[in-house]
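A look at the structure
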Amino acid sequence: MTSNRMTGAATAMLLLALGACETVDDEAPYEPNASMGMLIARDSCSSCHAVGGTGDSPNEDATAFREVVNRPGTTPEGLATWLRDAHNYPIEMGVHLEPHQVDSLVAYMMRLETGDHASAR
Ligand code: HEC
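Fair warning: this is a prediction, and the values are worked out from it, not measured in the lab. Per chain, residues are indexed from 1 in the order of the written sequence. In keeping with the model being predicted, local features are shown solely for residues with a pLDDT of at least 70 and side-chain atom pairs are shown and tallied solely at 80 or more, while totals for entire chains, interfaces and linings include all residues. With hydrogens and water stripped out, all remaining heavy atoms of the structure feed into the side-chain values.

**Observations regarding a nonpolar patch on the surface**
- A cluster of nonpolar side chains, namely Y30, M36 and L39, defines an oily patch on the protein surface of about 270 Å² accessible area.
- Relative to the assigned elements, Y30 resides in the loop between α1 (2-19) and α2 (34-45). Candidates for patches are residues over 30% relative accessible area with no salt bridge; among them, like charges are joined within 9 Å and nonpolar side chains (Val, Leu, Ile, Met, Phe, Trp, Tyr) within 5 Å. Every accessible area reported is derived by Shrake-Rupley at a probe size of 1.4 Å, with residue values counting cover from the shown protein chains alone. By convention in these notes, a salt bridge is any Lys or Arg side-chain nitrogen within 4 Å of a carboxyl oxygen on Asp or Glu. A run of H or I in DSSP counts as a helix once it spans at least four residues, and a run of E counts as a strand once it spans at least two, with each numbered from the N terminus.

**A short note on the confidence of the model for the protein chain**
- Confidence of the predictor in every single residue is expressed as pLDDT, which spans 0 to 100. Confidence in the prediction for the protein chain averages 79 pLDDT; 64% of positions are at 70 or higher.
- Within the protein chain, the lowest mean pLDDT, 60, falls on α1, and the highest, 96, falls on helix α3 (residues 65-70).
- Residues count as neighbours in contact if any of their non-hydrogen atoms are within 4.5 Å of one another. Within the model, pLDDT remains below 50 along residues 117-121, and this stretch shows 10 contacts once partners closer than five positions in the same chain are excluded.

**Considerations on the side chain of T74**
- Structurally, T74 is set in the loop between α3 and α4 (76-84).
- Within the structure, the side chain of T74 is placed 2.6 Å from the backbone oxygen of V68, a separation counted as a polar contact.
- Those residues in contact with T74 that sit more than four places away from it in its chain are V68 and V69. Counting of polar contacts relies on pairs of N or O atoms within 3.5 Å, with two restrictions inside protein: one atom must be capable of donating a hydrogen and the other of accepting it, and residues adjacent in sequence are counted only when both atoms are side-chain atoms.

**Remarks on the pattern of salt bridges**
- Under the definition given, this model contains 1 salt bridge.
- With a closest N to O distance of 2.6 Å, D103 and R84 form a salt bridge. Of the two residues, D103 sits in helix α5 (residues 99-110) while R84 sits in helix α4, which places them 19 residues apart along the sequence.

Below, the structure is given as structure tokens:
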């Protein structure tokens, strides 16, 4: 079924072109997944940041994720841009994130937003 395959490829390319302004690779379009984001946060970030709804950051210089997302002016776009631009990381973070990991992380982090900006406890 050559025609089906070609249609699929064209659709994938269109979605990639719409979704990404910078580098486009061969990967299929990826849906941000908050559950995946939570795993990444626990795995790669929780040694320094408080990544859940309660608790203090193990590294007192690392802002709790719930504080980041509940800060007035934090947007998913701004957060994703910050996380994508590895050059802006504090040197001690030393993490590398793929674009799809950033999207999932942001999807997870935005779930920590409490709406009333009150303590999440
Ligand atoms: C080794 C410790 C460490 C790890 C691991 C780490 N961070 Fe950080 N992070 C920091 C520190 C320290 C700061 C504060 C730097 C500063 O204020 O200049 C920070 C700042 C941030 C900020 C900005 C906070 C703010 O107040 O605006 C975000 C967002 C962030 N980190 C996300 C992450 C994510 C996502 C991960 C996991 C993929 C991660 N960090 C892993 C130490 C770490």
